[in-house]
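# Reading the structure
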Amino acid sequence: MKVSEVREKGSDELQGELLELYREQFKMRMQKGTGQSPRPDRFGKLRKDIARIKTVLNQRSMAGE
């Protein structure tokens, strides 16, 4: 997900997407804990997507939107 795509979405939509990313991250941690092997490259992508969304949401809250 690119930052330009994130900035185009509304705050409510970003909150929902952030929740979904957290759920997916949790599921992957559980799979790793039970011995199943999730795709290791996906962990980094999830973390970066979460950071992008949180950054945009924080910028919007600081700007007063």
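To start, this report covers the structure provided alongside it. Owing to the predicted nature of the structure, the values given are computational and were not obtained by experimental measurement.

Let us now look at the pattern of salt bridges. Taken as a whole, this structure holds 6 salt bridges when the rule is applied. Salt-bridge contacts for K9 lead to E17; the nearest nitrogen and oxygen are separated by 2.8 Å. For R52, the salt bridge is made with D49, and the minimal N-O distance between the two is 3.0 Å. Taken together, the residues span about one helical turn, with R52 and D49 both in helix α3 (residues 40-63) at a distance of 3 residues. Linked through salt bridges whose partners overlap, the residues forming this network are R39, D41 and K45.

Take the side chain of D49 next. Exposure remark for D49: the relative accessible area of 9% places this residue in the buried category. Among all residues touching D49, those that are not within four sequence positions of it are M1 and L21.

What counts, and at which threshold
- Residues numbered from 1 in each chain as written.
- Predicted model: local features only at pLDDT ≥ 70, side-chain atom pairs only at ≥ 80, totals over all residues.
- Heavy atoms only, no water.
- Salt bridge = Lys/Arg side-chain N within 4 Å of Asp/Glu carboxyl O.
- Helix = DSSP H or I, 4+ residues; strand = E, 2+ residues; numbered from the N terminus.
- Buried < 20%, exposed > 50% of the residue type's maximum accessible area, 1.4 Å probe, protein only.
- Contact = heavy atoms within 4.5 Å.

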